[in-house]
Structure formats: structure tokens, C-alpha cells
There are 2 protein chains.
Amino acid sequence: MKASRFFIGTLKEAPADAEIVSHQLMVRAGMIRRVAGGIYDYLPLGLRSIRKVEAIVRDEMEKAGALELLMPAVQPAELWQESGRWVKYGHELLRLKDRHDREFVIGPTHEEVVTDIARREIRSYRQLPVNFYQIQTKFRDEIRPRFGVMRGREFIMKDAYSFDRDVESLKLTYQKMYDAYVRIFSRMGLTFRAVAADNGSIGGTGSHEFQVIADTGEDAIVYCPTSDYAANIEAAEALPLLASRAAPAETMVKTATPGKAKCEDVAELLGIPLERTIKSIVMAVDAPEGEPRIVLLLIRGDHAINEVKVSKLPGLADARMATEQEIVDAFGAKPGYLGPIGTRKPLTVIADSTVANMSDFVVGANEVDYHLTGVNWGRDLPEPTVADVREVVAGDPSPDGKGVLNICRGIEVGQVFQLGTKYSDSMNATYLDESGKPQPMVMGCYGIGITRVLGAAIEQNFDERGIIWPESIAPFEVVVCPMGYDRSETVRAEADRVYGELKAAGIDAILDDRGERPGVMFADWELIGVPHRLVIGDRGLKEGKVEYQSRRDTEPTLLVAADAAGVVAQRVKAALER
Amino acid sequence: MKASRFFIGTLKEAPADAEIVSHQLMVRAGMIRRVAGGIYDYLPLGLRSIRKVEAIVRDEMEKAGALELLMPAVQPAELWQESGRWVKYGHELLRLKDRHDREFVIGPTHEEVVTDIARREIRSYRQLPVNFYQIQTKFRDEIRPRFGVMRGREFIMKDAYSFDRDVESLKLTYQKMYDAYVRIFSRMGLTFRAVAADNGSIGGTGSHEFQVIADTGEDAIVYCPTSDYAANIEAAEALPLLASRAAPAETMVKTATPGKAKCEDVAELLGIPLERTIKSIVMAVDAPEGEPRIVLLLIRGDHAINEVKVSKLPGLADARMATEQEIVDAFGAKPGYLGPIGTRKPLTVIADSTVANMSDFVVGANEVDYHLTGVNWGRDLPEPTVADVREVVAGDPSPDGKGVLNICRGIEVGQVFQLGTKYSDSMNATYLDESGKPQPMVMGCYGIGITRVLGAAIEQNFDERGIIWPESIAPFEVVVCPMGYDRSETVRAEADRVYGELKAAGIDAILDDRGERPGVMFADWELIGVPHRLVIGDRGLKEGKVEYQSRRDTEPTLLVAADAAGVVAQRVKAALER
């Protein structure tokens, strides 16, 4: 490609609404332009990277035996009513009516449509397993779209849906997809982790998120540096920090703690470690009739509750924080002095697994300005229900017993799910087994945010000058910058020759023949983030040399002009094979 | 690809709603499935052909210097309000509101969005010309979607939009696109004509439609077999069939024609040729205030009116057929006996160019059961306004003077338009010329119905057994059918070898390893329409032979087994280069 025939839309300034670096750089580099909130044009430069991401995804999906198809963006409401998500999905589902007043949605995902295909097309166990995928534009009506392609409303997804005869077969398909995802993100040149994940609203069991590691990531990722354990913080198991419970050594005493409503303050006042205190969290579950059920969750004073873990406990799927009124009614005291002993009403007590092994601990006395010290399970209050309800912290033991956990931040770019029979049950998608009996198909689903990958790659790879693309998803692999293309015959001829040689070697090169000043030219390509640059000028050519600089180098190096294209082509190919 | 790993969804019966052969065959071959009216799933087989169509289009667009980008499906209403099409476009524009009650449309086309890009990104004449294209899913809310992909609601389009500094430059860009379209449809192996077209509602001047010739086509195409003249029937110029007007030979006489309301019946009663009679067509143009304006159009008795031509006449853009009441009020008679002489009210008379040269003709007397015979212009009534308002018929002289016109039927698969400044004016898309003065960009637009191409190709290429794909857009180029893949070691080994050799030669082959009976296997592949078939069986292999049959052959021929892959690969490649 010659730059004069391409469209380069670099900007000096980022728009005011661009809060994060990938959004700023994608706009400044001329990759995207805003059309409406969360809705973008992908300019030719941006689309080149998208197409490269798509090609890698398609290649690995095909290698993994998945079949590409294409489902519609506009989907009839009936399918969503059948699955139950017409009601459950909420306002992110953009609903609309056609000219005949029939209801449709713009698909944010395609479980319903693909399950409808499967139930119509698949009759027999002999047709299973099958894995359908598509690369398609989706719409999710985010209440507050932001961060450019990271949380847009219209976006491109690769979504795959597998159908197996049983859970064992699903697990094989799932592993194939997991492995394909590892290859996909590796080929994209990204540093990522596959982390065990909470399933979210999609249902089913067994899921991993593929997280691109970046300081600016929205998600907290828990991992063990000395093993391959990794999980989303919502799914990371928190082991008890005490192996067993010590025998009581103290007597329970009601102690004045005036004005000390926080564990930290109580510990300081009493001169004890924060690890001896227990925090009371009160949640409520609304009942169809009558009073809400009140649940007291106990975690160690230095820990935080994990509401996703709580929501997984039996009967607590819809638990919410209790109101102050509900708390006063149940405990007879206001928050800050609550505890499991002497509550006004009987209630469910759930102790975190660490709390369950504590002894001689401190809890609120259910009376303002008082706590109970030297409290012990069994002796002073009944044995609690035990559960893992706290968030892990750095330094916790790894659940696999192979080290200590660390926490970093990541951007989710893909997810693999074992859906099970959630949709095949609700939509009656069955196959006939060997004995002719109908069985529900066992499903998996596998997403990659194609446009989101661009943003994540940038959040991981940038500097003050702009984007630094991995070769495999760069809009161009090499830029040839002639110094005075319009003035020097020698420079022009050599630039054309080097560019031609790169193209002949199969390199995706661009020749900047615009005749811009070197400063403008270099700034543009550093902002755009082309990973390799060759500068061709009269001065160097006198010595038979051209300047090479990788986007990560701080200084250029000299290459023999005759060899330059070959050397750079080799470097690109080596990078693509990594 | 091996058939056992692919998804083959052939059906014995077409669905009841499939009225035309391409719709029937696409469903039966397992290419598409209906999701809702005019909304389809593209199953893996269908998508393979779509991807091949897209690849040809993309390749030729790139060669013609167009730049691919991607605009959103969901577009803000503001842009459509600015262009004026929010009001004008009608019910085919699917409007919707997001969760914040802001109005959007699902784009049926992208003039507004691309003009918005151009006005923001293009500053100077130095950035022109530029031609942006995309391959994208569109939605048009057809009142009565039918004919499968031929008139669907959700469909894939390639749409390109060019921006030039002036009309001369646009004409060069337009010619480039015209030439690219000729290459595109030639490479697809289609028989087509580029025909001069009416511009329709999109506005501007200068347009061609690319029509795939098929007896089942919706559009009538007028062409001259002895020259390169071709036009949509709505745009084809009808020359006067009489070179000049003969002198009057008869006297005007009021003649009784009881019950003869049609020209044919009047001619028969009077014993004169139908070519001596004149038909009266009455149209009305509503005025903002007061009575509608009544217009009388006169065409020869054997001709038909062309309403599109009428709508192009000054002041008649919104003309409609007059109601019976309006006719009686204006003429004092009811339809069947109308004429230009002795009307109750004065009205505009427009004579077709052939009618203007007639003499001694017959018109209605504006009295039931009476006509006037021997009528002559100038003598019996004033000279009329003359215009081309009739539809051409086969046998008419070609407007280029190089022969006689013929009429065939076609399916529009592409269109190129010279838009001019319609959108750049309304949306204020200007560039600065050499003197720094803002000038409106001069636009062109160029569409190809990607999914429609599949339907058109089938309407042109099928037989009673199924589809007959041109090689370049076939889902597979060659099918290898082993007779007893699961039983005969020899057959299996030879089939695998031939298939492997085809793949190594770059041929898109499929090996039918499903173990189906020959009858089922052959019926499937003939229905699907794979253009080349190799049948490998024990009997032939004993003689070292395999059976080859092209989809258009009635009988197979024998090929030496060792050469078969090479021979077939050559045939495919030769076809692709045609």
C-alpha cells in the first residue's frame, strides 16, 4: 500500500470523551471515529487490524473443527420469550418493532437463534458433536457506553456454540476451544491469562475468561506465580487462613468501645491485631410474602465480602444489602456494633471459612458503643454455617497448594462456557440417542470480542508516542519512510525497490510517499504503531545504508541497504511465528 | 473438507413459502434457513458461497483503488434528519429507540454516515478523490419480504461511496467502478448486462444497473442485439415510430362505437389497424390548494404508458392516476370514450412522440358510445406538448440507430450511481479547492447485493436436479464421491489420495466420507450444485479408472485414476480464469 492512496486520519488531540489510553490512541491514530455513544466507524486503518484479528480467529476455529455460519442481527422476540431471556435480559437488550408491529431484538448474543437451528437440523447422535461459530456485529444497549471499543454498544464478536451428546463429550469440545483460544491470543502476541471464571447470568457450570494483562484492566485477576492457578477474583477460592481452631483462652466480656464502629478502630482501642476482629455484613432476601429473610455474614476484620460468592449460596441468589431499618429491626442496634450474639430476631448466620476457625475473637455487642471480646464458637454461640464468602487478597495461599496468590489487572477478551442444557431444556433441543430416545443436547458457548481485542492490545502495548502493535494484528507490519521522496531520485528509487522487495516477500508494508516532513511522518507512524520502520535517505545511501528501528527501540540501527528488506522480512516472520 | 465433519442439511421438499426456484433450491440445498420473514440463517454451505462472492468483490474493489472501512448498522436519526431522508424514506426504514429514548435507524444504506465521515475527515482537494467501501449487513423493512435472499429484509451489501472534486473527476471514478463491476460479475461466471437505469429515489444523474439475465427476473431489460445499447425498461428511450406526420386525408367524424371502450374493439369495429387509434390516460397532480391539475396523456392504441417516464416530466414528479370522479368532472364522459377534443374543462395534453406524428387517427368523443375518427393535429385540435411517455416494445428501433430492440428479463445485482452533490449539499460536505474556497464534494455510490448474487446465480443456473454453480462462487469446486468408503480399503485409499491431491493443487474439494448410498450421495451433490464430481469405485479402479462428471454433463466420462485430480484441477482453474 502506498500512503498517498490510503486514508491516514491522525489527530494531534484526543476527544474529550476518551478516558482511557486505548480509546485516545485509536481515535488519534485514525482507527475509529464516534458516530453516536458507543457506536463507531472503523476507518480503513482500524479495519485492517480487525481483519487480521478475524483471520487468526477464523483459522484457529477451523483447525479446531468449528463450522462458520452467519445468523441474523435482527431476531424475533418469540425465540427470546421461549428461552425466558425476553424478560430476564434487561435494558441492554435493544427491542424494536417492525412496520407490522412485530417485536424483534438486535442480538447481543445468539444462544436462542443457534439453539433453534440445532433443534431443527440435528436429529441423531450421529450428527454430534457439532460446533457452529460466526463473526458478527452485535448490539448491547449499555446504559453508559465508554472506553471506545472496550465497552461499546455496537461491536464485533466471534461467538461459537457447541452441541454435544453428553457432559463428557462437552468437556472434550470445551478443552478444544480452550486450547484454540490459547493459540489465538498467543498468535496475537498478547500477554494473557486463562482464568477460572464466575458464570455470570448465562448459567451452567465451568467457565474460563481469557484476560489480557494490563494495569488499566477493569477486572482483578488472582493468580499463583509458582503454579498455573488463575481465576477471576469473583471465582477465586479463599482458603481458611487458620488450619484449625485453637481452644478458647479468654472469657467473653462486654467491652465499651465508644465511637468505634470500625474493626480497625476497635482493634486499635483494644490493642489487638485486626485479625482478631470480625466484621458483620447484613443481607436480606425478599420473600414472595411476608418479611424479608435476614442473613448475617461474618468475615474477618481485614477481609472484604464477595457478593458474587454469596449469591451462589443456596437461597441467596437474589440477596441484597439490608436497609438500615431492617438491620435495626433484626439486631436492635445500628451498623458498627452488630454481631451474632443477642440479636433481636433469630437469623441465619454464615461464617467465612477463616472466621469459622477463629477463637477469642471480637464482634459487635448489638448495642451502640459496645463490643464483645473473647468470643468463642460453640461456647458463646452456636457453630455457624461455614462458607467461602470473602474476596481473596494477595498473600493468600493458592487453592492448588502450590504457592501464594498474587493479584493483577486484566481485560477480558474471550470467554469459554460450559452451558449444559440451559437452552436445550427451555427450547426443547433434543437428539435421538442410540436407543431412539430423545435427549437434550449439551451445549457450550465461546466468545471473543474482536473489536475489544484491539483496545486490550493497545492498553498492553503503548508508550508516550503512541501504539506499539504486535506484528500479527498491526495495520501494517513495516513502514518505509523515504526522506525526500518527491525531491531525490536516488531516495525514490531505493524506497520503491525496498518496498517492492518487502511486498514480494509477503510483508504487509506501506510506503509513505506523501512527501511529508520527517517529523510529521515519524510522529504519524509512531502514533499508528507500525512495529518496524525503515528510513531511507540520501545521507545513508551514500554509505549504502538505511536506518532500521523497531517500534520498541529507542535508537535506530543501520542496515546495508541491499539487505534491509530481507532482514526486516525475517524479523517480521520470526515475530509472527512466536 | 470432509463431509463427515461438515454440516450438510439437504431437504427433499422446499418450504411452502418458497415461490421461486432459487429460494426453493437454497433451502433444499441447506444454504439458508428462515428465522423470520425476510430474515435468514446462512448455514455453513451458504456462507461458503457468500465468502467467495465477497472475496471477488473485495479483490476488484481494492484493485480499483477503493478503501475498505466499516460503518455501523445502527445509525443516529440526526444524520437522516439532516439529509431529509428521515421523512422521505418511508416505512422501509426501520426506526427504533434506545434505552434513553434516542432515535436510531438500522441502516438500509449509508450515504448519511459516509458523508458525515467525509465532511469531518476531508479538508483539501489534495485528499480527493477517495472511494470508501464496506461489506456490511443491512436492513430494509420490506412490506412483503419474499423470494428468499432476493427480497429479504436483512441482507449483505457491498456499498461504496466516492468523493471527487468535480463532475469530470466523478466520471472517471464512475467509469473505474463500472469496469470493476464488469470484472466482478464476469469472474462470478454470470451472464449479465450493464443497463442504463432510472435513478430512482436516490437522486442525481447517470446510473447503470448490472442485471443477471434470467427468465425469472423481476426487471425487463431492453437491449439491441446488434449494438451495445442496453437499458432498464424504465429508462429506455422510445423513438417516434413515424418519421414525420402525413397530411390529413380524412374529415373528422363523430362515429358511434356502442360498447367499444377499448382501442382493440374500436379498431375491429371500424376495420382499421390498431396503430390508427389513440389511448387516453388521465393523471392528476394534487395542488397545495384548490383542484388537482388534470393531465391527459396520449399514446398509440397498442402502446403502454411508462409512469416513471411521466414522473420525470416537468411538474409531474408526483402525478397519480386520476379517479373516475375527477375524469368525469374534467371530460364529461367516463373512461373508454375519452379524448382531447371537447373536454368539459381545459387541461394539459401531452402526446407521446409517436402520437405526435400520427394523422387521421381515432380518439374518444368524450361521450359514451362515440369516438371521433379522421382526427388531425393542427386542424381539429391544437398542436400538443410532445414527450416520450410510452414503454418500448420489442421491435422498436434502438435509440443508437444501430438496430432493433429486444427485451429480456433480468435480476439486478449491482448498481452504479452518479449522485452529484445531493448529500454533500444537504449535509454541507465541502473541501477547500486550490484557491482555498469551499466546494461541495461530488459523490458517487456503488452497490452490490452480496446475498442477492447467490439467488440470481441460481435463477440463471439450475436444472431439475438442483443448482449448477459457476466454479468461482460454488461452495465447493469438486466433490469426491467414493463408492463404499466404509467397506473397500482400495476405494478409501484412492479417494483419500485423489482428495489429498486436489487439496494440494489448491482446489476447494470435499470428500464425501459419510458412507451414504450412491443415490443419496449423488442427489445431495447435484442438489447442492458442486460443478465437478469424481466417483471412485472398485469396478473402475480395477481398470485404473475413475468417473468424472461435470454438473452440466448428462453422462460421466472415464479418467485414468492417477491423472484424475490433475485433470479436474486444470478444468477448475481454466473455469476460474475465464
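Since the model is a prediction, treat every value here as computed from it, not as a measurement. (Residues numbered from 1 in each chain as written. Chains lettered and ligands numbered in written order. Predicted model: local features only at pLDDT ≥ 70, side-chain atom pairs only at ≥ 80, totals over all residues. Heavy atoms only, no water.)

A. Spatial organisation of the domain arrangement of chain A. All names here are of chain A. The domains assigned to chain A are domain 1 (3-237 + 407-459), domain 2 (253-387) and domain 3 (476-577). Using only C-alpha atoms to locate each centre, domain 1 and domain 3 end up separated by 37 Å. Domain 1 puts 12 residues into the contact, and the matching count from domain 3 is 12 residues. For the pairing of domain 1 and domain 3, the buried interface totals around 1000 Å² over both sides, and the portion due to carbon and sulfur atoms is 63%. Applying the counting criterion to the domain 1 and domain 3 interface returns two salt bridges. In this structure, D508 and R48 form a salt bridge, with 2.7 Å as the shortest nitrogen-oxygen distance. Across the contact surface, domain 1 and domain 3 share six residue pairs in polar contact (both at pLDDT 80 or more). Top element by residues in the side of domain 1 that touches domain 3 is helix α2 (residues 44-63). It accounts for three residues. For the side of domain 1 that touches domain 3, the residue count by class is seven nonpolar, two polar and three charged. (Domains from an automatic or database assignment. Contact = heavy atoms within 4.5 Å. Buried area = accessible area lost by both parts, 1.4 Å probe. Salt bridge = Lys/Arg side-chain N within 4 Å of Asp/Glu carboxyl O. Polar contact = N/O pair within 3.5 Å; in protein donor to acceptor, adjacent residues only side chain to side chain. Helix = DSSP H or I, 4+ residues; strand = E, 2+ residues; numbered from the N terminus. Nonpolar A, V, L, I, M, F, W, Y, C, P; charged D, E, K, R; others polar.)

B. Examining the side chain of E209 of chain B more closely. Residue and element names in this part refer to chain B. Residue placement: E209 occurs in strand β10 (residues 207-213). In this structure E209 is buried but unpaired, with R452 as the nearest side chain of opposite charge at 8.6 Å. Here the side chain of E209 touches N232 through a polar contact of 2.8 Å, side chain to side chain. With sequence-adjacent residues up to four places away left out, E209 is seen in contact with R193, A194, V195, A197, D219, N232, E412, G414 and Q415. (Buried < 20%, exposed > 50% of the residue type's maximum accessible area, 1.4 Å probe, protein only. Lys, Arg positive; Asp, Glu negative; His and termini not counted.)

C. Spotlight on the sheet that holds strand β16 (residues 320-321) of chain A. All names here are of chain A. Taken together, five strands build an open sheet; the order of strands is β16-β14-β15-β17-β20 and the sheet is mixed. Only two strands of the sheet have a single neighbouring strand rather than two, namely β16 and β20 (385-387). Relative to β20, strand β17 (residues 348-352) runs parallel, the two being bridged by three bridges. Bridging across to β20, I350 finds its partner in T385. Seen against the sheet, helix α9 (residues 324-331) touches β14 (278-285), β15 (293-300) and β16 and runs at an angle of roughly 90 degrees to β15. (Pairing = 2+ DSSP bridges. Axes fitted to C-alpha atoms, helices over the stretch in contact; angles between N-to-C directions.)

D. Up close: the nonpolar core. By size, the foremost hydrophobic cluster in this structure holds 222 residues, and its most contacted members are F185 and W525 of chain A together with F185 and W525 of chain B. Residues within four places of F185 of chain A in sequence aside, it is in contact with L190, F192, F210, V413, G414, I448 and V453 of chain A. (Core = buried A, V, L, I, M, F, W, Y, C linked by side-chain atoms within 4.5 Å.)

E. Region of interest: the interface of chain A and chain B. Taken together, the 51 residues of chain A in the interface contact 51 residues of chain B. For the pair chain A and chain B, the summed buried area comes to about 4400 Å², and 61% of that belongs to carbon and sulfur atoms. Considering only the surface of chain A that becomes buried against chain B, F7, L70 and R99 of chain A emerge as the three largest contributors, covering 16% of it. One salt bridge in this structure joins R153 of chain B and D98 of chain A, with 2.8 Å as the shortest N-O distance. Across the chain A-chain B interface, the total number found is 18 residue pairs in polar contact (both at pLDDT 80 or more). For the side of chain A that touches chain B, the residue count by class is 30 nonpolar, four polar and 17 charged.

F. Broad picture of the relation of the copies chain A and chain B. For the pair chain A and chain B, the superposition axis carries a translation of 0.1 Å, the fit reaches an RMSD of 0.3 Å, and the rotation angle comes to 179 degrees. Classification of the inter-copy transformation places it as that of a two-fold axis. If distances are taken from each C-alpha of chain A to the rotation axis, the shortest is found for L96 of chain A, at 2.8 Å. Most of the interface of chain A is mirrored in chain B, where 100% of its interface residues are also at the interface. (Least-squares fit on C-alpha atoms with pLDDT ≥ 70 in both.)

G. Spatial organisation of helix α5 (residues 111-121) of chain A. Within α5 of chain A, nine of the 11 residues are buried, leaving the element largely enclosed by the surrounding structure. Residues of α5 of chain A that are buried include every one of E111, E112, V113, V114, T115, D116, I117, A118 and E121 of chain A, and no others.

H. Structural view of the pairing of strand β2 (residues 39-42) of chain B. All names here are of chain B. The side-chain alternation of β2 yields two buried faces, one formed by I39 and D41 and the other by Y40 and Y42. Of the pairings in the sheet, the one linking strand β1 (residues 32-36) to β2 comprises four bridges and is antiparallel in character. Bridge assignment links R34 to a residue of β2, and that residue is Y40. Here β1 folds back onto β2, and the loop between the two strands holds two residues, one of which, G38, carries a positive phi near 70 degrees.

I. The packing of helix α12 (residues 489-504) of chain A against helix α15 (residues 561-577) of chain A, seen in detail. Residue and element names in this part refer to chain A. In the contact formed by α12 and α15, the axes pass within 9 Å of each other and the chain directions differ by 30 degrees. Considering the angle they form, α12 stands roughly parallel to α15. For the element pair α12 and α15, the recorded crossing hand is right-handed. Along the contact surface, α12 presents E494, R497, V498, E501 and L502, while α15 presents A561, A562, A565, G566, V568 and A569. Grouping the amino acids of the contact of α12 with α15 by side-chain chemistry returns seven nonpolar, one polar and three charged. (Parallel < 35°, antiparallel > 145°, perpendicular 65-115°, else oblique. Left-handed = near helix turned anticlockwise from the far one by under 90°.)

J. A look at the pattern of salt bridges. Residues and elements named next belong to chain A. In this structure the tally under the stated criterion is 92 salt bridges over all chains. A salt bridge links E19 to R146, with the nearest nitrogen and oxygen atoms 2.6 Å apart. On the criterion of sequence distance, the pair formed by E19 in the segment before α1 (21-28) and R146 in the loop between β7 (130-139) and β8 (154-164) is long-range, its members being 127 residues apart. Given a relative accessible area of 42%, E19 falls into the partly exposed group.

K. Region of interest: the side chain of H371 of chain B. Within the secondary structure layout, H371 of chain B lies in strand β19 (residues 370-375). Within polar-contact distance, the side chain of H371 of chain B engages the side chain of T257 of chain B at 2.7 Å.

L. Spatial organisation of unusual backbone geometry. Residue L128 of chain A is joined to P129 of chain A through a cis peptide bond whose omega torsion reads -5 degrees. If you trace the backbone, P129 of chain A turns up in the loop between α5 and β7. For D360 of chain B, which is not a glycine, the phi torsion comes out positive at approximately 50 degrees. Turning to its location among the elements, D360 of chain B is positioned in the loop between β17 (348-352) and β18 (361-367). Here D360 of chain B falls in the buried class, since its relative accessible area comes to 8%. With phi around 60 degrees, N366 of chain B is a residue other than glycine that occupies positive phi space. Inspection of the secondary structure assignment puts N366 of chain B in strand β18.

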